[in-house]
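For reference, the chains in residue letters:
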Amino acid sequence: MKRILITGAAGFLGSHLCDRFIKDGYHVIGMDNLITGNLKNIEHLFKLEQFEFYNHDISKFIHVPGQLDFILHFASPASPIDYLKIPIQTLKVGSLGVHNCLGLAKSKKARILIASTSEVYGDPEIHPQHEGYWGNVNPVGPRGVYDEAKRFQEAITMAYHNFHGLETRIARIFNTYGPRMRLNDGRVLPAFIGQAIRGEDLTVFGDGSQTRSFCYVDDLVEGIVRLLHSDCADPVNLGNPAEITIDQFAQEIIELTNTQQKVVYKGLPIDDPKQRRPDISKANKLLDWTPLIDRKEGLDRTYAYFLGLTKEELMATEHNDFDKYIIN
Ligand code: UDP
């Protein structure tokens with residue numbers, strides 16, 4: 001049985017990856033320090049023999065007994081509100097954490113895939129974004145702690161590949177959504193759905209003309225699996241190119257939830273990218289991968305998940321302090 005370590009296992013993407021690799025017959029070792037992850041996302045796996053979990057901060061030395069065939073490095077805070085609240089941990093997991101993961105991969109002769117991000121392109125000056133674009137990142141802005149950590153992460157991963165001959169893969173993940181997103185992590189989809197369910201107005205930042213392209217989590221997971229098993233060490237974009245303005249997105253959530261609430265406009269957060277859409281021709285060609293689930297279907301499934309949360313979970317708004325990261 002192949003053994004795979006998944007860091008960030010209790011998070012949104014990490015937990016879906018645990019499910020997928022269990023389903024594919026792997027022994028899965030989940031690791032998370034639960035700063036932003038939630039054990040609820042993986043509690044259904046604890047009864048399985050092929051699953052084990054370590055509550056560990058990967059910024060510190062990682063010890064995993066036995067052989068390892070693969071490592072998926074998905075541990076990191078991943079929303080602008082998280083970066084503001086825990087900037088140092090965000091930098092540490094993307095630098096010290098990835099270094100420890102790479103060292104572990106080297107000692108176990110394991111192949112490692114790291115979760116990078118469209119944030120390496122910053123506020124992009126070209127559209128759509130292809131892998132050859134080097135980005136437009138503000139290193140000292142509020143997003144700098146995430147963006148620069150992820151850029152460093154790509155650099156050190158490539159260095160381990162070139163210098164140590166380590167088998168490495170780099171996934172540049174664009175906005176992804178689905179069940180198990182944290183309701184109050186500040187990301188736009190859980191923010192809008194949470195507001196609609198609680199009977200609050202939907203907060204669009206800026207004039208809502210900024211764009212994003214949302215990928216359903218199952219499509220993303222399929223892309224990760226294919227990339228892991230490919231022979232491509234260069235970064236590969238994974239995302240859904242279906243682009244939408246945030247204003248249109250708010251309207252879609254209003255229709256989805258049938259809410260009577262309206263949209264209210266707030267200031268635009270610092271360095272909020274104006275446009276984002278992945279060029280996925282590389283993934284398409286190398287991995288024969290393309291997203292299959294359209295936004296209507298994906299949003300229906302995601303809304304069903306949020307409706308299944310407890311009343312307390314739905315009403316918890318303590319992380320919804322958007323005003324903290326808005327400038328005007
Ligand atoms: N956004 C918004 N209202 C919210 C939360 C976010 O209009 O309540 C906007 C945000 O300013 C950004 C977009 O939605 O332009 C996506 O934000 P998110 O934090 O989900 O992801 P990212 O900016 O990292 O792509």
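Residues numbered from 1 in each chain as written. Predicted model: local features only at pLDDT ≥ 70, side-chain atom pairs only at ≥ 80, totals over all residues. Heavy atoms only, no water.

### What about the overall build of the chain?
The condition that has to hold: Labels follow the DSSP assignment, with helices taken as runs of H or I lasting at least four residues and strands as runs of E lasting at least two, numbered in each case from the N terminus. For the radius of gyration, the atoms used are the C-alpha atoms, and the globule rule reads 2.2 Å times the number of residues raised to 0.38. Burial status follows relative accessibility: with a 1.4 Å probe on protein chains alone, a residue under 20% of its type maximum counts as buried, one over 50% as exposed, and anything between as partly exposed. Two residues form a contact once any of their heavy atoms are found within 4.5 Å. Each accessible area value is a Shrake-Rupley result obtained with a 1.4 Å probe; residue values ignore everything except the protein chains displayed when judging cover.
Helix and strand content of the chain: 10 helices and 13 strands. Here the C-alpha radius of gyration of the chain, 19 Å, is about what a compact globule of 328 residues would show, namely 20 Å. C-alpha atoms of the chain, sized along the principal axes, occupy 55 × 45 × 35 Å. For the chain, the proportion of its 328 residues judged to be buried stands at 57%. Sequence separation of at least 24 residues holds for 81% of the intrachain contacts in the chain that already meet a minimum separation of 6. Looking at the chain as shown, the accessible area adds up to about 13900 Å², and 53% of this sits on carbon and sulfur atoms.

### Observations regarding the side chain of Asp82
Counting through the fold element by element, Asp82 comes out in helix α2 (residues 80-85). A residue is classified by how much of its surface remains accessible, and Asp82, at 5% relative accessible area, is buried.

### Comments concerning the site of the ligand
The cut-off we apply is this: Put simply, a residue is near a molecule or strand once any heavy atom of it comes within 4 Å of that molecule or strand. Whenever a nitrogen or oxygen atom comes within 3.5 Å of another N or O atom, the pair is scored as a polar contact, on the condition that within protein one atom can donate a hydrogen and the other can accept it, and that pairs from neighbouring residues in sequence are kept only if both atoms are in side chains.
Close contacts around the ligand come from 19 residues, with Thr203, Phe205, Arg212, Asp272 and Arg276 the closest. Contact between the ligand and Arg143: an oxygen atom at 2.8 Å from a side-chain N or O atom of the residue. In the model, an oxygen atom of the ligand is placed 2.8 Å from a nitrogen or oxygen of the Val188 main chain. The protein chains hide 99% of the 520 Å² of surface that the ligand would expose on its own.

### Section: helix α9 (residues 295-307)
Counted only if it meets this: Working rule for helices: expected span equals 1.5 Å times residues minus one. What the arc describes is the spread of directions from the helix axis to the C-beta atoms.
Taking 1.5 Å as the rise per residue, α9 with 13 residues should run 18 Å; its terminal C-alpha atoms sit 18 Å apart, in good agreement. What α9 keeps buried is the set Arg295, Gly298, Leu299, Thr302, Tyr303 and Phe306. In an axial view of α9, the angular spread of the buried residues amounts to 130°, which keeps them on one side of the axis. When the buried face of α9 is taken as reference, the exposed residues oriented beyond 90 degrees from it are Lys296 and Ala304.

### Brief notes about the state of the cysteines
Inclusion rule: Cysteine sulfur atoms are paired as a disulfide whenever they fall within 2.5 Å.
By the definition in use, this model includes zero disulfides. Cysteine Cys232 is unpaired, with the sulfur of Cys215 as its nearest cysteine sulfur at 18 Å. Look at Cys232 and you get buried, because its relative accessible area is 10%.

### Observations concerning the sheet that holds strand β1 (residues 3-7)
Operational definition: Think of it this way: DSSP has to see at least two bridges between two strands before they count as a pair. Angles shown run from 0 to 180 degrees and are taken between the N-to-C directions of axes, each axis being a line fitted to C-alpha atoms and, for helices, limited to the stretch in contact.
Strand order in the open sheet formed by seven strands is β3-β2-β1-β4-β5-β6-β11, with parallel pairing between adjacent strands. Two strands close off the open sheet at either side, each with one partner strand: β3 (51-55) and β11 (235-238). Strand-to-strand twist in this sheet, taken as the mean axis angle between neighbours without regard to direction, amounts to 20°. Pairing geometry for β1 and strand β2 (residues 27-32), over five bridges, is parallel.

### Focus: helix α3 (residues 87-108)
For the record, the criterion: We define the bend at each residue as the angle formed by axes fitted to the 7 residues ending at it and the 7 residues starting at it.
For α3, which comprises 22 residues, the first-to-last C-alpha distance of 31 Å matches the rise-based estimate of 32 Å (1.5 Å per residue) to within 8%. For α3, the principal kink sits at Val93 and spans about 35°. In this structure, the buried residues of α3 make contact with β1, β4 (70-73), α2, β5 (111-117), α4 (144-164) and β6 (168-173). Looking one or two residues beyond α3, the residue adopting positive phi is Lys109, at roughly 55°.

### Examining the nonpolar core
As a reminder, the rule being used: For our purposes a nonpolar core is just a set of buried Ala, Val, Leu, Ile, Met, Phe, Trp, Tyr and Cys residues, chained together by side-chain atoms within 4.5 Å.
Grouped together as the largest cluster of nonpolar side chains are 62 residues, with contacts concentrated most on Ile4, Phe21, Val28, Leu72, Phe74, Ile224 and Leu238. Broken down by element, this core gets its largest block of residues, seven residues, from helix α6 (residues 217-228). Among the nonpolar cores identified, the runner-up in size contains 23 residues, and Ala75, Ala110, Ile156 and Met158 belong to it.

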